[in-house]
Amino acid sequence: RMRELAYLNKNVTIIVTDERSDESEKFHYKGGIVEFVKYLDETRNPLHKTIYIEGEKDNVYIEVAFQYNESYNENLFSYVNNINTHEGGTHLIGFKSALTRTLNNYAYKNGLIKEGKLTLTGEDFREGLTGIISAKVPEPQFEGQTKTKLGNSEVKSIVESIVGEKLSEFLEENPSVAKKIIEKCVKAAEAREAARKA
């Protein structure tokens, strides 16, 4: 938990001392959630360096860091005000829809997916994706059995617009990374199609 908090708040240093034995541990990660993603992907081969996005709108501050690796698993973790939202919520939905829409638009616009040949789903865009979505929300409404699902509807559109805009810029400025990501997503879609036909 201390490590998690230190990752989520890059300006904070947390020191835990066991006064019985004088053992002490210090947690500080100046790279914040970018380092968190690297830590989670320690055993995997990343396809590119971590993409970092931050922005603020209507007093809601969001930070997102993610990267694709060679695995086939989706590892997305979402937080609101440092609370792990195990059940996701509107911030996670906003991220997923921005990711799908932005990558899809880029791929079609740059001829990386041929019209009518293959339709990519949200799942294809998240295969081999490790990411952290962290939102700071002034008045969060938590839902679900365990109160770990964000319910604020306005957060979805805030996350969607910030991620959509900044990710588009990133893809335009880094065409080689964009191409690698789209190729990974296309492979996922092809494998899914082949499995369905089989």
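Residues numbered from 1 in each chain as written. Predicted model: local features only at pLDDT ≥ 70, side-chain atom pairs only at ≥ 80, totals over all residues. Heavy atoms only, no water.

Draft legend 1. Just the confidence of the model for the protein, in detail. For the protein, the average pLDDT comes to 95, and 100% of its residues sit at 70 or higher. The weakest mean pLDDT in the protein belongs to helix H6 (residues 175–197) at 92; the strongest belongs to strand E7 (residues 129–136) at 98. (pLDDT = per-residue confidence, 0-100. Helix = DSSP H or I, 4+ residues; strand = E, 2+ residues; numbered from the N terminus.)

Draft legend 2. Expanded view of the sheet that holds E7. The 5 strands lie next to each other as E3-E4-E7-E5-E6, forming an open sheet whose pairing is mixed. Strand pairing shows two members of the sheet lacking a second neighbour, strand E3 (51–57) and strand E6 (83–84), which therefore form its edges. As paired strands, strand E5 (residues 75–80) and E6 are joined by 2 bridges and run antiparallel to one another. The residue of E6 that forms the bridge with Val80 is Ile83. Strands strand E4 (60–68), E5 and E7 of the sheet are contacted by helix H3 (residues 90–109), whose axis makes an angle of about 135° with E5. (Pairing = 2+ DSSP bridges. Contact = heavy atoms within 4.5 Å. Axes fitted to C-alpha atoms, helices over the stretch in contact; angles between N-to-C directions.)

Draft legend 3. Region of interest: the nonpolar core. Phe66, Tyr68 and Phe95 are the most contacted members of the largest nonpolar core, which has 41 residues in total. Counting residues per element, the ones that place at least two in this core are E3, E4, E5, H3, E7, helix H5 (153–173) and H6. No other element matches H5, which puts 8 residues into this core. For Phe95, the contacting residues outside a window of four places in its chain are Val64, Phe66, Leu76, Leu129, Ile133, Val159 and Val163. With 14 residues, the next largest nonpolar core counts Leu5, Ala6, Tyr29 and Val34 among its residues. (Core = buried A, V, L, I, M, F, W, Y, C linked by side-chain atoms within 4.5 Å. Buried < 20%, exposed > 50% of the residue type's maximum accessible area, 1.4 Å probe, protein only.)

Draft legend 4. Examining the environment of Ala98 more closely. Relative to the assigned elements, Ala98 resides in helix H3. According to the relative accessible area criterion, Ala98 is buried, its value standing at 0%. For the pair Ala98 and Ile14, spaced 84 residues apart in the sequence, the C-alpha separation amounts to 34 Å. Ignoring any residue separated from it by four or fewer positions in sequence, one finds Ala98 in contact with Glu160, Val163 and Gly164.

Draft legend 5. Region of interest: the pairing of strand E1 (residues 14–18). Pairing geometry for E1 and strand E2 (residues 23–27), over 5 bridges, is antiparallel. Within E2, the residue paired with Asp18 across the bridge is Glu23. Following E1, the chain reverses through 4 residues before pairing antiparallel with E2; Asp22 in that reversal takes a positive phi of roughly 65°.

Draft legend 6. Local environment of unusual backbone geometry. Residue Asp22 is not a glycine yet carries a positive backbone phi of 65°. Looking at where Asp22 falls in the secondary structure, it is placed in the loop between E1 and E2. For Asp58, which is not glycine, the phi torsion reads 50° and is therefore positive. With respect to the helices and strands, Asp58 occurs in the loop between E3 and E4. You can call Asp58 exposed: its relative accessible area is 63%.

Draft legend 7. Highlighting the pattern of salt bridges. Following the criterion strictly, the structure yields 11 salt bridges and no others. Through salt bridges with shared partners, a single network forms among Arg101, Lys156 and Glu160. (Salt bridge = Lys/Arg side-chain N within 4 Å of Asp/Glu carboxyl O.)

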